[in-house]
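Close look at the chain arrangement
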Amino acid sequence: MEKKTLFDKIWDAHVVRSVPNGPDVFFIDKHFIHEVTSPVAFLNLEKRGIGVMYPDRTIATPDHNVPTVDQDKTIKDKLSRMQVEKLRDNCKKHGIELHDLGSAHHGIVHVIGPELGVTQPGMTIVCGDSHTSTHGAFGAIAFGIGTSEVEMVLATQCIMQVKPKKMRITVDGELGKGVTSKDIILYIISKISAAGATGYFVEYAGSAITNLSMEARMTICNMSIEMGARGGLIAPDQTTYAYLKGKRYAPQGEAWEQAVAHWESLKTDDGAEFDLEYHYDAADIEPMITYGTNPGMGIKVKDRIPNADLLEGSNKTSFLKSLEYMGFAPDEPIKGKKVDYVFVGSCTNGRIEDIRAVAGFVKGKKKAANITAWIVPGSREVEKLAHEEGLVKILEEAGFELRQPGCSACLAMNDDKIPAGKYAVSTSNRNFEGRQGPGARTLLASPLTVAAVAVTGVIADPREVF
Amino acid sequence: MPYDKFNTLTSTVVPLPAENVDTDQIIPARFLKATEREGFGDNLFRDWRYDVEGNPKPDFVLNNPTYSGKILLAGKNFGSGSSREHAVWALYDYGFRCVVSSFFADIFKNNCLNIGVLPVTVSAGFAQQLFDAVEADPSTEITVDIAQQTITLNSTGASETFDINAYKKENMQNGFDDIDYLLNIQEEIREFEMKG
Ligand code: SF4
């Protein structure tokens, strides 16, 4: 029998037909939409005079541009308000389930999908957002699409895709103390580079991956796009099933047993071939931080910023331009640099486990005076748990400001912007120029490192602080 | 949405050698708040093009009258990051019909093909030749021929072929998008869905 990877198994089961010398017509099980990348898709449907083919395969939530204060009031920003209202209208008109602001399951689209149990092994999932790769943690093929494709999915539940190449990244061994899944993925991206996985779909494997919780696996798959990969996935196992069991949209009773039996088959066959493989040892991974303006520019917190002499030509120009933006010099230590903001949140690290980690570390301490500390839960559910578990109290006592759920300072479409020239150590996923506000300087790190920075006021290694 | 057919394009070139240009640079998030697909060209490369007061930055290439044209010649790994199709809308709206680079990010490339901007991937060596030629003479013209799948530097005749899959090629030549194709096979999709 032909040996298949997990990715092949799911992909092949979703091909409606293959266009000769062209793409596959690829069937989509679940489609998430949000207010920013969907309005034009709906508008085009209207222009064509067509409707939504399977409204119950799409789920909506407003997350990208929403304010993180006073969510019960009318949105002040006119354009944001219009986008959110459009989403409401479109959902109502086409019968699409909407998790609106203030409702029990409102939140960042990639946080609520798993929470609701919508995301399941073996599925194909898309959304007009590149971090849709997050859902791959459940053993699903999940990736971001453009607005034209959002329109296609609404109209026909399919998109046309050329099957990507396959890569496997295996991380074996035990993670050290103070090292998290965010450090694993920042480490991998620093090795492979911000473009190194372009054209590939990644499977993550190895004991350091399978030992992770679902939340931690989501952090890894989430950032697959930051090395250029279309997405990343992890084979489902007992951890996956335990997370899903009892969730609102998870199969129940007999259907659950059948589903698990099927999910058990979703594994890469022994001997199946990948186009490219990488292996890493968990023992080599330590707390990581980025120093430049793409996520591939990461180093260990204890290390120095790389020396430019090793680079040549356009690589060197880009590197120096990036450091200039950040206000750093080559070959200097990053530890001890002064920071102005910390941000805990986003679809990368805005889940309950992340908030627990930060609260656990800052308990009984105070943030440094020079730090503004924002914590933005990924969803209402996360917010609720954080209150119930007493984490909010701990964080507020430490001087953190808790805001309401949304994408917030991850992309700064709302008012949560880092001022020009200021340094923010952030649990989010992108350190591009201006990502967190025009002129803002972003350093990406794990929630633990962010907690260490909040308390010391400077870039710090969490293992040395607590 | 239907777009203009693409067959051959001969144009001067706007060079942007920066590498890893992500879609947040092409169009910053704060300009994504529209509910219609119009006017994005005004904010193309907004933060590189204008200062905080909204004055044009003279050293940015789009503000340099020496360079103009329908072809953007970009550095490697162009269009990484966010999947926002607005980035391509902004390029199209500004007047670009073709982007040439030695390396494109995946989603960006798909988005281009879906709205009628042709992404042309060339070798790193050829990209450098093009940059050098345009720098030496800003009136340099390039011809992109989709039927032949060639890109040619008119002044020297230096030429390279590029890849595009047959289906996408036909779409570009006819101004079709994928949705037309999909709408035609809805019955087949319905049967597929029923099989569960
Ligand atoms: S949290 Fe950030 S990365 Fe995630 S969906 Fe929102 S904007 Fe995108």
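Residues numbered from 1 in each chain as written. Chains lettered and ligands numbered in written order. Predicted model: local features only at pLDDT ≥ 70, side-chain atom pairs only at ≥ 80, totals over all residues. Heavy atoms only, no water.

Points about the UniProt feature "binding site: [4Fe-4S] cluster" (unreviewed entry) in chain A
Residue and element names in this part refer to chain A. Which entries qualify depends on this criterion: UniProt positions are given in the numbering used here, feature names are shortened, and annotations may be inferred rather than shown by experiment. Here a strand is any run of E in DSSP of at least two residues, a helix any run of H or I of at least four, and the numbering for each starts at the N terminus. Note on classification: 1.4 Å probe, protein chains only; a residue is buried when its accessible area is under 20% of the maximum for its type, exposed when over 50%, partly exposed between these limits. We call two residues in contact when some of their heavy atoms are within 4.5 Å.
According to UniProt, the "binding site: [4Fe-4S] cluster" (unreviewed entry) feature falls on Cys347, Cys407 and Cys410. Taken together, the annotated residues stretch across 64 residues yet fold into one region, lying no more than 8.8 Å apart by C-alpha. Within the secondary structure, Cys347 is located in helix 12 (residues 346–349). With relative accessibility at 6%, the residue Cys347 sits in the buried group. The residues contacting Cys347, other than those within four sequence positions of it, are Ile108, His110, Val111, His131, Thr134, Asn222 and Asn429. Positionally, Cys410 belongs in the loop between strand 17 (401–402) and strand 18 (423–426). Apart from residues no more than four positions distant in its own chain, Cys410 is found in contact with Phe343, Ser346, Ser428, Asn429, Arg435 and Gln436.

Things to note about the environment of B:Met172
Residue and element names in this part refer to chain B. With respect to the helices and strands, Met172 occurs in helix 6 (residues 166–174). Among the residues examined, Met172 registers a relative accessible area of 0% and is labelled buried. Along the backbone, Met172 and Phe6 are 166 residues apart, and their C-alpha atoms lie at a distance of 5.5 Å. If near-sequence neighbours (up to four positions away) are discounted, Met172 is found in contact with Tyr3, Lys5, Phe6, Leu113, Gly116, Val117, Leu118, Ile146 and Ile164.

Thoughts on the state of the cysteines
Residues and elements named next belong to chain B. Threshold: Disulfide assignment relies on a single distance test, namely cysteine sulfur atoms paired within 2.5 Å.
Within the structure shown, the criterion is met by zero disulfides over all chains. With no disulfide of its own, Cys98 has Cys112 as its nearest cysteine by sulfur position, at a separation of 9.2 Å. For Cys98, a relative accessible area of 0% gives the class buried. A residue is classified by how much of its surface remains accessible, and Cys112, at 0% relative accessible area, is buried.

A word on the interface of chain B and chain A
In plain terms, the rule: Should a side-chain nitrogen of Lys or Arg be within 4 Å of a carboxyl oxygen of Asp or Glu, the pair is scored as a salt bridge. Here a polar contact is taken to be a pair of N or O atoms separated by no more than 3.5 Å, where protein atoms must pair a possible hydrogen donor with a possible acceptor and residues adjacent in sequence count only if both atoms sit in side chains. Residue polarity is assigned by list, with Asp, Glu, Lys and Arg as charged and Ala, Val, Leu, Ile, Met, Phe, Trp, Tyr, Cys and Pro as nonpolar; anything else, Gly included, falls into the polar class.
Opposite the 51 residues of chain B that make contact, chain A presents 69 residues. For the pair chain B and chain A, the number of links is six salt bridges. A:Arg17 serves as the salt-bridge partner of B:Glu188, at 2.6 Å between the closest nitrogen and oxygen. At the boundary of chain B and chain A, one finds 24 residue pairs in polar contact (both at pLDDT 80 or more). Residues that form the side of chain B that touches chain A fall into these classes: 20 nonpolar, 13 polar and 18 charged.

A few points about the UniProt feature "domain: Aconitase A/isopropylmalate dehydratase small subunit swivel" (unreviewed entry) in chain B
Summarizing the sequence annotation, UniProt attributes the feature "domain: Aconitase A/isopropylmalate dehydratase small subunit swivel" (unreviewed entry) to residues 5–123 of chain B in the numbering used throughout. The span residues 5–123 of chain B shows a helical share of 23% and a strand share of 18%, and its end C-alpha atoms are spaced 26 Å apart.

Describing the packing of aromatic side chains
Threshold: Two aromatic rings from Phe, Tyr or Trp, using only the six-membered ring of Trp, form a pair when their centres are within 6.5 Å; if the ring planes differ by under 30 degrees the pair is stacked, by over 60 it is edge-to-face, and anything between is tilted.
Here the structure, examined in full by the defined rule, presents 22 aromatic pairs over all chains. Ring geometry for A:Trp256 and A:Trp263: centres 5.5 Å apart, planes at 90 degrees, overall edge-to-face. The class for A:Trp256 is buried, based on a relative accessible area of 6%. Their ring planes at 85 degrees and their centres at 5.3 Å tell us that B:Phe78 and B:Phe108 sit as a pair that is edge-to-face. Note that B:Phe78 is positioned in the loop between strand 2 (71–74) and helix 3 (86–94) and B:Phe108 in helix 4 (residues 106–115), a separation of 30 residues in sequence.

Remarks on the domain arrangement of chain A
Residues and elements named next belong to chain A. Applicable threshold: An automatic or database domain assignment is the source of the domain bounds shown. As a working definition, buried area equals the accessible area (1.4 Å probe) given up by two parts on being put together, with both sides summed.
Each assigned domain of chain A is listed here: domain 1 (6–276) and domain 2 (287–464). If you average the C-alpha positions of domain 1 and of domain 2, the two centres end up 24 Å apart. Each partner contributes to the interface: domain 1 provides 45 residues, whereas domain 2 provides 43 residues. Of all residues in domain 1, the largest losses of buried area upon contact with domain 2 belong to Thr68, Ile108 and Lys182, amounting jointly to 18% of the total for that side. Summed over the shared surface of domain 1 and domain 2, the result is one salt bridge. At the surface where domain 1 touches domain 2, the tally comes to 26 residue pairs in polar contact (both at pLDDT 80 or more). Put simply, the parts of the chain that give the side of domain 1 that touches domain 2 at least two residues each are helix 4 (109–116), helix 6 (181–192) and helix 8 (214–222). At six residues, the largest contribution of residues to the side of domain 1 that touches domain 2 is made by helix 6.

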